[in-house]
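Observations on chain architecture
Here is how the chains run, residue by residue.
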Amino acid sequence: MDRLFLDANVLFSAAYQPNAGLLQLWKLRDVVLCSSRYAIEEAMINLTEGAQRTRLSSLADQIHLFKSAQGDLQRSISLAEKDIPILMAAMHAEATHLLTGDITHFGPYFGKRIAGITVLLPGEYLRMMHRER
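As a starting point, this report considers the structure included with it.

The rules we used
- Throughout, residues of each chain are indexed from 1 in the direction in which the sequence is written.
- Predicted model: local features are reported for residues with pLDDT of at least 70 only, side-chain atom pairs are reported and counted for 80 or more only, and whole-chain, interface and lining totals are derived from all residues.
- Just so you know, side-chain values use all the structure's heavy atoms and leave hydrogens and water out.
- Should DSSP find at least two bridges between two strands, the strands are regarded as paired.
- In DSSP terms, a helix is any run of H or I states spanning at least four residues, a strand is any run of E spanning at least two, and both are numbered starting from the N terminus.
- The rule is simple: take the accessible area with a 1.4 Å probe, protein chains only, and divide by the maximum for that residue type; under 20% is buried, over 50% is exposed, in between is partly exposed.
- Note on contacts: a residue pair is in contact if any heavy atoms of the two residues lie within 4.5 Å.

**Re the sheet that holds strand β5 (residues 113-114)**
Strand pairing in a sheet relies on backbone hydrogen bonds. The paired strands run either parallel or antiparallel. Pairing is mixed across the open sheet formed by six strands, whose spatial order is β3-β2-β1-β4-β6-β5. Each edge of the sheet is formed by a strand with only one pairing partner; in this case those strands are β3 (64-65) and β5. Strand direction decides the pairing type here: strand β2 (residues 31-35) and β3, joined by two bridges, are parallel. Note that in β3 the partner of S35 across the bridge is L65.

**Quick look at the side chain of H97**
With respect to the secondary-structure elements, H97 resides in strand β4 (residues 97-99). Its relative accessible area of 9% is what places H97 among the buried residues. If near-sequence neighbours (up to four positions away) are discounted, H97 is found in contact with D2, R3, L4, F5, I117, T118, L120, Y125 and M128.

The values reported here are purely geometric and, on their own, carry no functional implication.
Here it is in structure tokens:
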């Protein structure tokens, strides 16, 4: 069973429109959706409409939330300061995958494992799941 940690931009995109393609993540079987209050708060700040915030709250109710674990990252991992709590919370959640659209900061790690977690674009994960069926 995969444990998917959703970054703030994934949460934002899922809540932005009522028919967002990323809502497919909430329909997957045999996965556990995880995130953090930090990621939810970041997504909430960037949503401008009440309906979007309501959708995010509803989606968040179906997610297991984890705090950022304490500790240091491996020296080989270079992330922006704002992204460290995301990776640390994903580690605390024992996520198998970190789904993010943050190409700028996580891009060098796409398709790779960092701290034991595979980093992917959410669309790539969904395509991978559809191929396996």
